[in-house]
Amino acid sequence: MHHANHFYGHAHVMAEYCGLDPEHPPRINGYLQHGWNVVDGLGAGTPYVPGRPIFVWSEQTRRRSWSMGRRQATVVGAPFLYLLTLATPSDEPVERSGTIWYPFHGWEGQHIKGDHQRLVDEILETEDGPVTFCLYWHEYRNDRVRAEYEKAGRVICHGYRGYMWRDTTREFLHNQLAELRKHKRVASNRLSSAIFHGVAAGCEPAVYGDPMYLDKEDRPTAERVRRDWPELHGKHLDLAAARATAMAELGEGYLASPAELRAMFGWTAYLPTAVAA
Amino acid sequence: MIGGEMPAFVEDDPAAGGALFAYLVDQLPAGGQVLIAGPHDDALVDAVAARSSVTCLVRSQPKANELDARGVEVLCGTLSKITDVERYDVVVALDGLGRLCSAEGPQYDWAESLQALKKALRPGGTLLLAVENELGVHRLVDLASATSAQGDGAWLPLGEFDTKPGNPTRLAGGLAAEGLAVDWLATAWPSPAAPTLIATPNALQDGPVDALAAVTAGAVGKAYADRAVLSDPRRLAAAAVRGGLGSEFAAAWLVVAHRAPRPASTVSLPSVLLGDGPVIEIAPGLDGDWQRRVIRQAPGRDLSTLNGPLPAGRLLEELLLGAALRHDLPMLRRLLSGWIAALPEATPDNVVVHQDSPSEDVYRLLDPTLPAQTDVLRRFAQTLLGGGYAHPWPAATDLQTLTSILHGAAGLPDTVPAVEPGDEPPLPDSRREHEEQLRALRRQLADAASRSEWYERELDRREKQLRKRDKELDRARLQISAFSGTVSYRVAKLGVSVARKARNQIRKGLS
């Protein structure tokens, strides 16, 4: 339905889980939540077509979505958790080390750069082991920004999330999982999908440092996130509490069977005969 | 003829009767004089007559003639004309007190009618009486209003404006005021005239509440299977019993009372009776569990599987609906797959689930004598959609899709055969459900309308893009012809291919 369904190769992961061709996922009959958010599950500005389901990650998101007027939300859990069911245990590295750090993306310009340097300093002060910086595509492509980070550690990028069904790095989530599994900690200056994914992949989470507000950002929302999930903010967290919350936000326990998902997504007809039998 | 008889009148509403009433009258002391006051069906009269000497009081002369022809002693006329004083050992009034006065003469209210019947009772005599509950489940779901009844017998359609007692406590009080002491009181379901479930308030309060709520819902559901109602009587009955309001919502109350002095032998009646032909007793066993026992067989029906402990637990249908309303997907999936693995041919209104430990659910048939059903998941999908219940898949608004999802959630393949229109499982004919369906259809229609507007806008946008790309393509073609055969030609050819690819991409996005 919407091109956001293909972001980060989500539709591809779901197709593989459902026993369909992961190279060519059929159109999902609805909207798949493409990232953790504190609104109705859809990204801001997603043109919502009435009567179509929103497939959200968690029951809490569904309740919030309902309260915001979305009547068609169904909880399916995060695609990342589906990916985990597909990734074999042998993919797990023998030893984890260091921290994978996801700087909040979207700052550019001179005055942010100063803050940014302070952030890097704080990271290096906090983290014991080596730090891998994971940048979003548009920062990664920017040689100047990339160079800044390369001074402090290894710099990677999981790939391009895709736009209008094109150029999606189908292996985005796979790349992220492989990287997360190499690290002991996952951290960011903002609570985001990457932190939740990191927890699911077995990393210790941390959220600290200058949150780096955007120019026109809705500050109350960002502040609400800190109030609602204090257990996920800090340099060294209560891991049991952090994990419980993170897994609930990803919809742990709510994953549907391939058959149920196919029926929900309108994919039953795409089922290869062999699987149907 | 005692006076006040109605020469041509025939009762239009059915007389009191049925297997359970027949069982009750059989428990009365034998051998005495019995007055059967008001319309009771022939089988009931015969049952009493087999053990005692019977006199019937009826206002309809044709009925009186019929009874007389069958050798039954009859008092034909109106209640106020009875002159028998302290004559009867037992008075049976299972039709209530509303059809004892004819159109002629005084119109006694409930208390006056009771007084008149009591006078006919000997000291130490027993009264077996039914009192309809004007706020009973049968009234609450009825499309028609009792106060606008149009039958020939409804010359005073009082309905809830009548003065009869409105709950068991007041009923006992009313009887005590006439010097009648209550020996036994029970609730009757689903209709006052022919109950198929009789349960004492104690059983409903302290017995296996969940299982009894399921039994009550079953009794009510059966009675209303083919009747139009305001709302689903099964939900109302089950919610009432579960909520401790069984007595308040029962269709009628039954009492056995005696006039002082206390008779030597009092009537002993069970806590719960069930049956529409056969009679089944549900009573506390020795170890605190409740046992079911067939105490009266029905010809041609093997009910031996009913004997034994009453399956404990909550009705599966209610658990499923509860989990759906709570959007508790893990529980819903657990119940669906547990049910389909254990009892794939039982509808959820005939399965009780005992959830003792979190990991172990025990699924049992409530009534093992009911025939097996196919397509039970489709039936449950129909219940969800038809009843307008909130559930975790709100976008699945058609039966086929929701059935397919339920199959998936139950651990079955999602490929389910299509069902021809008209062959869908039946829906209860309930006004509230109709209203919900109408609302749902309006919502879907509005959604579909704005969806088609969205598609039109999208088409428009893509169309404009296509035209723009076509123009670019035309320009590129011109350049090709201008630079044909040269190096520039090859470059231009590349340009065309890029433009074509872009156009195809847009078309692909549209499909």
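Quick caveat: nothing in here was measured; it's all calculated off a predicted structure.

1. Here's the deal with the overall build of chain A
Next, step 1: When you go through chain A residue by residue, the secondary structure sums to 12 helices and eight strands.
Next, step 2: Residue burial in chain A is summarised as follows: out of 277 residues, 55% are buried.
Next, step 3: Once local pairs closer than 6 in sequence are excluded, the contacts in chain A between residues at least 24 apart make up 62%.
Next, step 4: Summing over all exposed atoms, chain A offers an accessible surface of approximately 11900 Å²; the carbon and sulfur share of this is 51%.

2. Quick notes on the interface of chain B and chain A
Next, step 1: Counting from both sides, the interface comprises 28 residues of chain B and, opposite them, 30 residues of chain A.
Next, step 2: Both sides together, the interface formed by chain B and chain A hides about 2300 Å², and carbon and sulfur atoms give 53% of it.
Next, step 3: Taken together, the links from chain B to chain A amount to two salt bridges.
Next, step 4: Taking the shortest distance from any N to any O, the salt bridge between A:Arg262 and B:Asp414 comes out at 2.8 Å.
Next, step 5: The interface formed by chain B and chain A contains 11 residue pairs in polar contact (both at pLDDT 80 or more).
Next, step 6: Sorting the residues of the side of chain B that touches chain A by element identifies helix H12 (329-342), helix H14 (399-409), helix H15 (431-482) and helix H16 (487-510) of chain B as the ones contributing at least two each.
Next, step 7: With six residues, the single largest contributor to the side of chain B that touches chain A is H15(B).
Next, step 8: Residue classes in the side of chain B that touches chain A are distributed as 13 nonpolar, nine polar and six charged.

3. Here we look at a nonpolar patch on the surface
All names here are of chain B.
Next, step 1: Together, Leu-156, Leu-158 and Phe-161 make up an exposed nonpolar region whose accessible area comes to about 330 Å².
Next, step 2: Among the structural elements, Phe-161 can be located in the loop between helix H5 (137-140) and helix H6 (168-177).
Next, step 3: The exposure class of Phe-161 is exposed, given its relative accessible area of 64%.

4. Section: the packing of helix H11 (residues 258-265) of chain A against H14(B)
Working note: a packed helix pair is described by the angle between its axes plus the distance between those axes.
Next, step 1: Direction vectors running N to C along H11(A) and H14(B) enclose 160°, while the axes themselves pass 7 Å from each other. By the angle class used here, H11(A) and H14(B) are roughly antiparallel. In the packing of H11(A) onto H14(B), the handedness of the crossing is left-handed. Contacts between H11(A) and H14(B) pair A:Ala259, A:Glu260, A:Ala263 and A:Met264 from the former with B:Thr401, B:Ser404, B:Ile405, B:Gly408 and B:Ala409 from the latter.
Next, step 2: Tallied by class, residues from the contact of H11(A) with H14(B) come to five nonpolar, three polar and one charged.

5. So, the sheet that holds strand E13 (residues 314-315) of chain B
Residue and element names in this part refer to chain B.
Next, step 1: With respect to topology, three strands assemble into an open sheet ordered E13-E14-E15, the strand pairing being antiparallel. Bordering the open sheet on either side are E13 and strand E15 (360-365), each of which pairs with just one other strand.
Next, step 2: Contacts from H12 reach strand E14 (351-357) and E15 within the one sheet, and its direction differs from that of E15 by about 50°.

6. A few points about the pairing of strand E8 (residues 252-259) of chain B
Residue and element names in this part refer to chain B.
Next, step 1: With eight of eight residues buried, E8 lies mostly within the body of the structure.
Next, step 2: Neither face of E8 is exposed, since Ala-252, Leu-254, Val-256 and His-258 on one face and Trp-253, Val-255, Ala-257 and Arg-259 on the opposite face are all buried.
Next, step 3: Taken together, the seven bridges between strand E5 (residues 121-132) and E8 define a ladder with antiparallel strand orientation. In the sheet register, Val-131 faces E8, and the bridge partner there is Trp-253.
Next, step 4: Pairing between strand E6 (residues 180-189) and E8: eight bridges, direction antiparallel. Paired with Thr-187 across the bridge in E8 is Trp-253.

7. Quick look at the side chain of B:Glu433
All names here are of chain B.
Next, step 1: Take Glu-433: it is sitting in helix H15.
Next, step 2: The buried charged residue Glu-433 lacks any salt bridge, with Arg-235 as its nearest oppositely charged partner at 6.0 Å.
Next, step 3: There is a polar contact of 2.3 Å between the side chain of Glu-433 and the side chain of Ser-430.
Next, step 4: Ignoring sequence-local partners within four residues, the contact set of Glu-433 consists of Ser-231, Asp-232, Gly-386 and Gly-387.

8. Re helix H4 (residues 110-120) of chain B
All names here are of chain B.
Next, step 1: Among the residues making up H4, those that are buried are Trp-110, Ser-113, Leu-114, Ala-116, Leu-117, Lys-118 and Ala-120.
Next, step 2: Where H4 is buried, its residues touch strand E1 (33-37), strand E4 (88-93), E5, H6, E6 and E8.
Next, step 3: Its side-chain oxygen 3.2 Å from the backbone nitrogen of Ala-111, Asp-109 forms the N-cap of H4.

9. What to know about the packing of helix H11 (residues 316-325) of chain B against H12(B)
Residue and element names in this part refer to chain B.
Next, step 1: For the pair H11 and H12, interaxial distance at closest approach is 8 Å and the crossing angle is 150°. By the angle between their axes, H11 is roughly antiparallel relative to H12. Like other packed secondary-structure pairs, H11 and H12 cross with a definite hand, here left-handed. On H12, the residues that touch Leu-316, Leu-319, Leu-320, Ala-323 and Ala-324 of H11 are Met-331, Leu-332, Leu-335, Leu-336 and Trp-339.
Next, step 2: Partitioned by chemical class, the residues of the contact of H11 with H12 number 10 nonpolar, no polar and no charged.

10. Let's talk about the pattern of salt bridges
Two side chains with opposite charge may pair up if their charged atoms get near one another.
All names here are of chain B.
Next, step 1: One pass over the structure, following the stated rule, counts 46 salt bridges over all chains.
Next, step 2: Asp-183 is the partner of Arg-262 in a salt bridge, and the nearest nitrogen-oxygen pair spans 3.7 Å. One end of the pair, Arg-262, is in the loop between E8 and strand E9 (272-274); the other, Asp-183, is in strand E6, with 79 residues separating them in the sequence.
Next, step 3: Look at Asp-183 and you get partly exposed, because its relative accessible area is 25%.

11. A look at the environment of A:Leu237
Residue and element names in this part refer to chain A.
Next, step 1: With respect to the helices and strands, Leu-237 occurs in the loop between helix H9 (219-228) and helix H10 (239-250).
Next, step 2: Remark: the alpha-carbon pair of Leu-237 and Phe-55, spanning 182 residues in sequence, is separated by 30 Å.
Next, step 3: Here Leu-237 is in contact with Pro-205, Ala-206, Glu-231, Leu-232 and Ala-242, once residues within four sequence places are set aside.

12. A look at the sheet that holds E6(B)
Residue and element names in this part refer to chain B.
Next, step 1: One open sheet holds the 12 strands; their spatial order is E3-E2-E1-E4-E5-E8-E6-E7-E9-E10-E11-E12, and the pairing between them is mixed. Among the strands making up the open sheet, the edge pair consists of strand E3 (73-76) and strand E12 (308-309).
Next, step 2: Where helix H2 (residues 42-49) meets the sheet, its contacts fall on E1 and strand E2 (53-58), and the angle it forms with E2 comes to roughly 150°.
Next, step 3: Taken strand by strand, helix H8 (residues 209-223) contacts E6, strand E7 (197-199) and E9, and its axis lies near 145° from that of E7.

13. Observations concerning the packing of aromatic side chains
Residue and element names in this part refer to chain A.
Next, step 1: Per the counting criterion, the structure on display carries nine aromatic pairs over all chains.
Next, step 2: Residues Trp-36 and Phe-196 carry aromatic rings whose centres are separated by 4.7 Å and whose planes lie at 45° to one another, so their mutual orientation is tilted. With Trp-36 in the loop between strand E1 (31-32) and strand E2 (54-56) and Phe-196 in helix H8 (residues 193-200), the pair connects residues that are 160 residues apart, well separated along the chain. Accessibility assignment for this pair places Trp-36 and Phe-196 in one class, buried.
Next, step 3: Taken together through their ring pairs, the aromatic side chains of Trp-36, Phe-196 and Trp-229 make up a single cluster.
Next, step 4: Over the ring of Tyr-140 we find Arg-146, and its NZ or CZ is 5.1 Å from the ring centre.
Next, step 5: Over the ring of Phe-104 we find Arg-190, and its NZ or CZ is 4.0 Å from the ring centre.

14. Let's talk about the nonpolar core
Next, step 1: A:Leu261, B:Trp339 and B:Trp393 are the most contacted members of the largest nonpolar core, which has 94 residues in total.
Next, step 2: Those residues in contact with A:Leu261, other than ones at most four positions away along the chain, are A:Met14, A:Tyr17, A:Cys18, A:Val76, A:Tyr82 and A:Ala256.
Next, step 3: Of all hydrophobic cores here, the second largest spans 61 residues; its members include B:Val137, B:Leu185, B:Trp189 and B:Trp253.

15. A look at the environment of B:Leu35
Residues and elements named next belong to chain B.
Next, step 1: Locating Leu-35 in the fold gives a position in strand E1.
Next, step 2: Among the residues examined, Leu-35 registers a relative accessible area of 0% and is labelled buried.
Next, step 3: Separated by 57 residues in the primary sequence, Leu-35 and Val-92 place their C-alpha atoms 6.1 Å from one another.
Next, step 4: Those residues in contact with Leu-35 that sit more than four places away from it in its chain are Thr-55, Leu-57, Leu-75, Ile-82, Tyr-88, Val-90, Val-91, Val-92 and Leu-117.

16. Considerations on a negative patch on the surface
Next, step 1: Taken together, the side chains of B:Glu453, B:Glu456, B:Asp460 and B:Glu463 present a region of like negative charge at the surface.
Next, step 2: Within the fold, B:Glu463 resides in helix H15.

Analysis parameters
- Residues numbered from 1 in each chain as written.
- Chains lettered and ligands numbered in written order.
- Predicted model: local features only at pLDDT ≥ 70, side-chain atom pairs only at ≥ 80, totals over all residues.
- Heavy atoms only, no water.
- Helix = DSSP H or I, 4+ residues; strand = E, 2+ residues; numbered from the N terminus.
- Buried < 20%, exposed > 50% of the residue type's maximum accessible area, 1.4 Å probe, protein only.
- Contact = heavy atoms within 4.5 Å.
- Areas by Shrake-Rupley, 256 points an atom, 1.4 Å probe, with all protein chains shown as cover.
- Buried area = accessible area lost by both parts, 1.4 Å probe.
- Salt bridge = Lys/Arg side-chain N within 4 Å of Asp/Glu carboxyl O.
- Polar contact = N/O pair within 3.5 Å; in protein donor to acceptor, adjacent residues only side chain to side chain.
- Nonpolar A, V, L, I, M, F, W, Y, C, P; charged D, E, K, R; others polar.
- Patch = residues over 30% accessible without salt bridge, like charges linked within 9 Å, V, L, I, M, F, W, Y side chains within 5 Å.
- Axes fitted to C-alpha atoms, helices over the stretch in contact; angles between N-to-C directions.
- Parallel < 35°, antiparallel > 145°, perpendicular 65-115°, else oblique.
- Left-handed = near helix turned anticlockwise from the far one by under 90°.
- Pairing = 2+ DSSP bridges.
- Lys, Arg positive; Asp, Glu negative; His and termini not counted.
- Phe/Tyr/Trp six-rings, centres within 6.5 Å; stacked < 30°, edge-to-face > 60°.
- Lys NZ or Arg CZ within 6 Å of the ring centre and 35° of its normal.
- Core = buried A, V, L, I, M, F, W, Y, C linked by side-chain atoms within 4.5 Å.
- Charge placed at Lys NZ, Arg CZ, Asp CG, Glu CD.

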